[in-house]
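So the chains spell out like this:
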Amino acid sequence: MATSSSARLSKSVKQQYLELPQGDKVQAMYIWIDGTGEGLRCKTRTLDSEPKTIEDLPEWNFDGSSTYQSEGSNSDMYLLPKAIFRDPFRKDPNKLVLCEVFKYNRKPAETNLRQTCRKVMDMVENQHPWFGMEQEYTILGTDGHPFGWPSNGFPGPQGPYYCGVGADKAYGRDIVEAHYRACLYAGVEICGTNAEVMPAQWEFQVGPCEGISMGDHLWIARFILHRVCEDFGVVVSFDPKPISGNWNGAGCHTNFSTKQMREEGGLRHIEEAIEKLGKRHHYHIRVYDPKGGRDNARRLTGHHETSNIHEFSAGVANRGASIRIPRSVGQDKRGYFEDRRPSANCDPYAVTEAIIRTCLLSEEGEEPVEYN
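It should be emphasised that the depicted structure is a prediction, and the values quoted were computed from it without experimental measurement.

Visitor: So what exactly am I meant to see when it comes to the domain arrangement of the chain here?
Guide: Many authors give the size of an interface as the accessible area that is lost as the parts come together. For the chain, the domain assignment lists domain 1 (7–110) and domain 2 (121–360). Spacing between the C-alpha centres of domain 1 and domain 2 amounts to 26 Å. In this assembly, 21 residues from domain 1 lie in contact with 23 residues from domain 2. Buried surface at the junction of domain 1 and domain 2, both sides included, amounts to about 1,900 Å², of which 71% is carbon and sulfur. When the buried area of domain 1 at its contact with domain 2 is split by residue, E38, F85 and F89 rank highest and sum to 34% of it. Run the count over domain 1 and domain 2 and you get one salt bridge. The shortest N-O distance in the salt bridge between K291 and E38 comes to 2.9 Å. Here domain 1 is connected to domain 2 by five residue pairs in polar contact (both at pLDDT 80 or more). Of all elements in the fold, only α1 (11–18), β1 (26–33), β2 (40–47), β4 (76–86) and β5 (95–102) reach the threshold of two or more residues within the side of domain 1 that touches domain 2.

This is the structure we're talking about:
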């Protein structure tokens, strides 16, 4: 299994330096989404004191020509802090800072989807929209080969790996455990984890989060996973179909509810929302992966617990449907529904915004409305 050279550096040597006192100074790692809409970048600055709120964090900038976000002749981009978390790698009082990216003219960068998402969430805050997202991912070696798979072949067929236990079934649990604890330390609303159907594939769940915080917490959870994998010398992939053939793909199933849906008689509101989603299927497919549906076309085949990308469907306890109503929700007549279409590499801001636009703002057609 190919691991990175940095994984062979002594972590105990590094630890003796991390244990040195840092005085009153604080390291703040600024994190942002790059021009691919999928990649994350980061850099660190020193603060004179521990920031207690977002307002305590200064703006910063970076070279957008090196992150697919600007031309070299006019490359300065601005970082505006929007969410703050504890740093599980450097520990307290140090911080992780999730930022929005703005161009030289102070307009949002093309991959800054948080801007419009926040506007839409503000419009429906009285309905208290809750989200929970189930992030699937695959652990790879630096050679791109799934972690733990034979060098010149494949493991046994799918069947024993989902929620599996044992060295021949669970590939990479150390990474999963490290990530889980790091998220809890950081303050991420992580609520669970499990091994998935394909060996070396795992899932963690984040939520319930209200409004814009869903995207904030999922992006930071992804960043922490990238960093944990870096320490172990392996790579995390959010590709929706990392291995072609008879292997499960990777999604980011999104659970959604409003206050009305969660209250008595809420099933009627759930069914009304699903009816609206059915009329706007192609709009959602276009939004649910960063390549306008091309990534999901490899995954949503109607096989391997997916719906067909060309058709909308819904059902109780049906994992082959576009929208699944959990059996308990059907029995209780209230709760939430699960949209199973988003890809593992989706932008959670885009996904949650699209659900609000269709289900709560009752938009129709294939194009989103402009809100000032």
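Next comes the rest of the description.
Visitor: For this particular structure, what's the right way to read the nonpolar core?
Guide: Inside soluble globular proteins, nonpolar side chains tend to come together where they are buried. In terms of nonpolar packing, the biggest core is built from 68 residues, with Y137, V188, I224, F256 and F337 touching the most fellow members. With 10 residues, helix α4 (residues 213–232) is the largest single contributor of residues to this core. There are two domains that each give this core at least three residues, and those are domain 1 (7–110) and domain 2 (121–360). In this structure, F337 is in contact with T254, N255, F256, M261, I270, A273, I274, L277, I323, R324, P326 and C359, ignoring residues within four places of it in sequence. V26, Y30, L79 and V97 belong to the second largest nonpolar core, which has 14 residues in total.

Visitor: For this particular structure, what's the right way to read the pairing of strand β3 (residues 60–63)?
Guide: As a general feature of sheets, a regular strand has side chains that alternate between the two faces. Because side chains alternate across β3, one face comprises the buried residues W60 and F62, and the other comprises N61 and D63, none of which is buried. Across four bridges, the pairing between β3 and β4 is antiparallel. If you follow D63 over to β4, its bridge partner there is D76.

Visitor: Mind showing me how you'd approach the packing of helix α2 (residues 114–123) against helix α10 (residues 348–359) here?
Guide: Between two packed helices, the angle of one axis relative to the other and the distance separating the axes together describe the packing. α10 packs onto α2 with a crossing angle of 30° between their chain directions and a minimal axis gap of 9 Å. Crossing angle aside, the handedness with which α2 passes α10 is left-handed. Where α2 approaches α10, its residues R114, T116, C117, V120 and M121 are matched on the opposing element by Y349, T352, E353, I356 and R357. For the contact of α2 with α10, the per-class residue count stands at five nonpolar, two polar and three charged.

Visitor: In this structure, what is going on with the pairing of strand β10 (residues 252–257)? I would like to understand it.
Guide: Counting buried residues along β10, six of its six residues qualify, which places the element largely inside the surrounding structure. Burial of the side chains of β10 extends over both faces: C252, T254 and F256 are buried on one face and H253, N255 and S257 on the other. Bridge count for strand β6 (residues 130–140) against β10 is six bridges, and the pairing is antiparallel. Within β10, the position partnered with F131 by the bridge is F256. Pairing between β10 and strand β13 (residues 337–339): three bridges, direction antiparallel. What sits directly across from T254, in β13, is D339.

Thresholds, definitions, all that
Sequence order sets the numbering: in each chain, residues are counted from 1 along the sequence as written. Given that the model is predicted, a residue must reach a pLDDT of at least 70 before its local features are reported, and side-chain atom pairs must reach 80 or more before they are shown or counted; all residues, however, enter totals for whole chains, interfaces and linings. Side-chain metrics rest on all non-hydrogen atoms present in the structure, leaving aside hydrogens and water. These domain boundaries are the output of an automatic or database domain assignment. Note on contacts: a residue pair qualifies if any of its non-hydrogen atoms lie within 4.5 Å across the two residues. Once two parts are put together, the accessible area they lose, assessed with a 1.4 Å probe and summed over both, is termed the buried area. Salt bridge, as used here, is a side-chain nitrogen of Lys or Arg placed within 4 Å of a carboxyl oxygen of Asp or Glu. Here a polar contact is recorded for every N or O atom pair within 3.5 Å, except that within protein the pair must consist of a potential hydrogen donor and a potential acceptor, and residues adjacent in sequence are included only if both atoms are side-chain atoms. The secondary structure listing takes helices from DSSP runs of H or I that are at least 4 residues long and strands from runs of E that are at least 2 residues long, numbered from the N terminus. Each nonpolar core is a collection of buried residues, namely Ala, Val, Leu, Ile, Met, Phe, Trp, Tyr and Cys, held together in the definition by side-chain atoms within 4.5 Å. Three labels apply to residues, based on accessible area from a 1.4 Å probe with only protein chains included: buried if under 20% of the type maximum, exposed if over 50%, partly exposed otherwise in between. Criterion used throughout: strands pair if DSSP finds at least two bridges between them. To obtain an axis, a line is fitted to C-alpha atoms, over the contacting stretch when the element is a helix, and the angle between two such axes runs from 0 to 180 degrees between their N-to-C directions. Crossings are sorted by hand: turned counterclockwise from the far helix by less than a right angle, the near helix makes the crossing left-handed, and turned clockwise it makes it right-handed. Asp, Glu, Lys and Arg are counted as charged, while Ala, Val, Leu, Ile, Met, Phe, Trp, Tyr, Cys and Pro are counted as nonpolar; the rest, among them Gly, fall into the polar class.

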